[in-house]
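What follows is each chain in one-letter form.
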Amino acid sequence: MDVTVPGGAPDASDLLRRDWEAQVGDAVPIPPCRPVTDDDYRVRIHHSKVADMVVDDVYSDSIVGGTGGTFNHLNDCVVLHVVRRGGWRFGRSDGAGDTVEVSAGQFLARYNAPSWDFGISSRTASQVLILPAGELRPLMGDRHLAGPCDGAPLRVLMAHVETVTSVLDDLSPAAVQAARNAMTELVKGVLTGGVDGDEPQLAPALAGAAQRILEGLLTEPELSPRLLARELNVSVRTLHRAFADQGEPLMAYVRRRRIERALQDLTSPGSRLSVRQAAARWGFADSSHFVRACKKRYGQTPSQYARIHADLSEGAVEREVVRSVVQDRQAGVEVAPVQGDVEQGLGDRAREIVGGREAVG
């Protein structure tokens, strides 16, 4: 859904409701709300339904409204807001408790049965998880829970959410239900401050979160399972089991990614890195370890791999030059001679074609 309401429109709330309902009907219920900006008001929502749970990616300009309770909007749900930019503000309509503000880099989980007044600041981007209260409310009662987005339980949860929503259309009903059950367990981890490492449905989410963290740690020579487990607030045994369930041991995954990143550096255009420098950058003890690991995986040393990659790249350039010349001649376009460095880099047959000395069919 993508709705824009002109700034200063006297009937802004009616325009918002009309366009919202025209685009999505009842799939995403609109709360009682009104824009509070003199500029154009815009709201975008990407809506994913995982069994009886909902994941909404939300962008909104400044707006105020109400939800839960007497507003009849998402009653008896637990709602989790993960704020990437901007901020949300909540206060109980009955005046109970203090106003709660959650800004970029924070999350807020709350029970939505009471009536809440809310406000969204300009250009706010967030993910909103709407969850049945049954299994979750006993963990939180009527209280709310806020915290930083970089905590281990939330990172694991959001890695799972990202994976599920990206493949949702391809999942069978049974797989959707399994994804939903794993999401419930991970939200419980957010509410209680820890992930149950013995829950087998959580292995894919835990491995996915670990892989995302590892991408920022591959250059660390002291990278170890213990360090990663501490980042995720799980045991080393749980971490190893999560990777084993995905078919690749943890340190084998680390070794593979280090080899891949080092080879990317060696073969990137204009790279002047030596094998020794690439090995040092990506956490290998020395260049000989890198060479042995690369040869075991690809059957080639890093230097051989880089040379072959360079030859293939030159071949691709040659094919593109010839293809362009052939197409232009077939279209009757006069082709200027290919000269200089490009001509020198072409093979004999290609030079004959682009030089016009061989017919092209």
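How each quantity is defined
Residues numbered from 1 in each chain as written. Predicted model: local features only at pLDDT ≥ 70, side-chain atom pairs only at ≥ 80, totals over all residues. Heavy atoms only, no water. Core = buried A, V, L, I, M, F, W, Y, C linked by side-chain atoms within 4.5 Å. Buried < 20%, exposed > 50% of the residue type's maximum accessible area, 1.4 Å probe, protein only. Contact = heavy atoms within 4.5 Å. Pairing = 2+ DSSP bridges. Helix = DSSP H or I, 4+ residues; strand = E, 2+ residues; numbered from the N terminus. Axes fitted to C-alpha atoms, helices over the stretch in contact; angles between N-to-C directions. pLDDT = per-residue confidence, 0-100. Phe/Tyr/Trp six-rings, centres within 6.5 Å; stacked < 30°, edge-to-face > 60°. Parallel < 35°, antiparallel > 145°, perpendicular 65-115°, else oblique. Nonpolar A, V, L, I, M, F, W, Y, C, P; charged D, E, K, R; others polar.

Focus on the nonpolar core
So, point 1. Formed by 63 residues in total, the largest nonpolar core has its most connected members in Leu129, Leu154, Leu157, Met183, Leu232, Leu239 and Phe290.
So, point 2. Setting aside residues up to four positions removed in sequence, leucine 232 forms contacts with Ala152, Val156, Leu206, Ala209, Ala210, Ile213 and Leu239.
So, point 3. Counting residues in hydrophobic clusters, the runner-up holds 30 residues, among them Val58, Phe90, Val100 and Val102.

Details of the sheet that holds strand β8 (residues 100–103)
So, point 1. Read from one edge of the open sheet, 5 strands run β2-β5-β10-β7-β8, paired in antiparallel fashion. The sheet is open, and its two edges are formed by β2 (33–35) and β8, each paired on a single side. Pairwise comparison of adjacent strand axes, ignoring direction, gives a mean angle of 15 degrees for this sheet.
So, point 2. Where strand β5 (residues 63–67) meets strand β10 (residues 116–120), 5 bridges bridge the pair, whose relative direction is antiparallel. What sits directly across from threonine 67, in β10, is tryptophan 116.

A closer look at the confidence of the model for the chain
So, point 1. When pLDDT is averaged along the chain, the result is 83; 83% of the residues meet or exceed 70.
So, point 2. Below a pLDDT of 50 lies the segment residues 338–346, which in the model reaches 13 contacts outside its immediate sequence neighbourhood of four places, other chains included.

A few points about unusual backbone geometry
So, point 1. The backbone phi angle of asparagine 72 is positive, close to 55 degrees, even though this residue is not glycine.
So, point 2. Along the polypeptide, asparagine 72 turns up in the loop between β5 and β6 (77–85).
So, point 3. The backbone of arginine 123 sits at a positive phi, close to 55 degrees, despite the residue not being glycine.
So, point 4. Looking at the element boundaries, arginine 123 is found in the loop between β10 and β11 (124–132).
So, point 5. Judged by its relative accessible area of 57%, arginine 123 is exposed.

Considering the packing of aromatic side chains
So, point 1. Overall, the coordinates contain 7 aromatic pairs when judged by the stated rule.
So, point 2. Ring geometry for tryptophan 88 and phenylalanine 90: centres 5.7 Å apart, planes at 5 degrees, overall stacked.
So, point 3. Among the residues examined, tryptophan 88 registers a relative accessible area of 10% and is labelled buried.
So, point 4. Considering the side-chain rings of phenylalanine 243 and tyrosine 253, the 5.8 Å spacing of their centres and the 50 degrees angle between planes classify their relative orientation as tilted. Pair noted here: phenylalanine 243 is in helix α7 (residues 236–245) and tyrosine 253 is in helix α8 (residues 250–267), with a separation of 10 residues, a long-range link.
So, point 5. Among the aromatic side chains, those forming a connected cluster through ring pairs are Trp88, Phe90, Trp116 and Phe118.

Some thoughts on the packing of α8 against helix α10 (residues 287–298)
Axes are the key here: two packed helices are described by the angle between their axes and the distance separating the axes.
So, point 1. α10 packs onto α8 with a crossing angle of 100 degrees between their chain directions and a minimal axis gap of 10 Å. Between α8 and α10, the interaxial angle falls into the category roughly perpendicular. Touching Arg255, Arg256, Ile259, Glu260, Ala262, Leu263 and Leu266 of α8 are Phe290, Ala293, Cys294, Arg297 and Tyr298, all from α10.
So, point 2. For the contact of α8 with α10, the residue count by class is 8 nonpolar, no polar and 4 charged.

Description of the environment of proline 221
So, point 1. Relative to the helices and strands, proline 221 resides in the loop between α5 (203–215) and α6 (225–232).
So, point 2. Linking proline 221 and alanine 280, residues 59 residues apart in sequence, is a C-alpha distance of 8.6 Å.

Points about the sheet that holds strand β9 (residues 106–111)
So, point 1. Spatially, β1-β3-β4-β11-β6-β9-β12 is the arrangement adopted by the 7 strands of the open sheet, whose pairing is antiparallel. In the strand order of this sheet, the two ends are held by β1 (2–5) and β12 (145–148), each with one partner. Strand-to-strand, the axes of this sheet are offset by a mean angle of 15 degrees, without reference to chain direction.
So, point 2. As paired strands, β9 and β12 are joined by 4 bridges and run antiparallel to one another. What sits directly across from alanine 109, in β12, is leucine 145.

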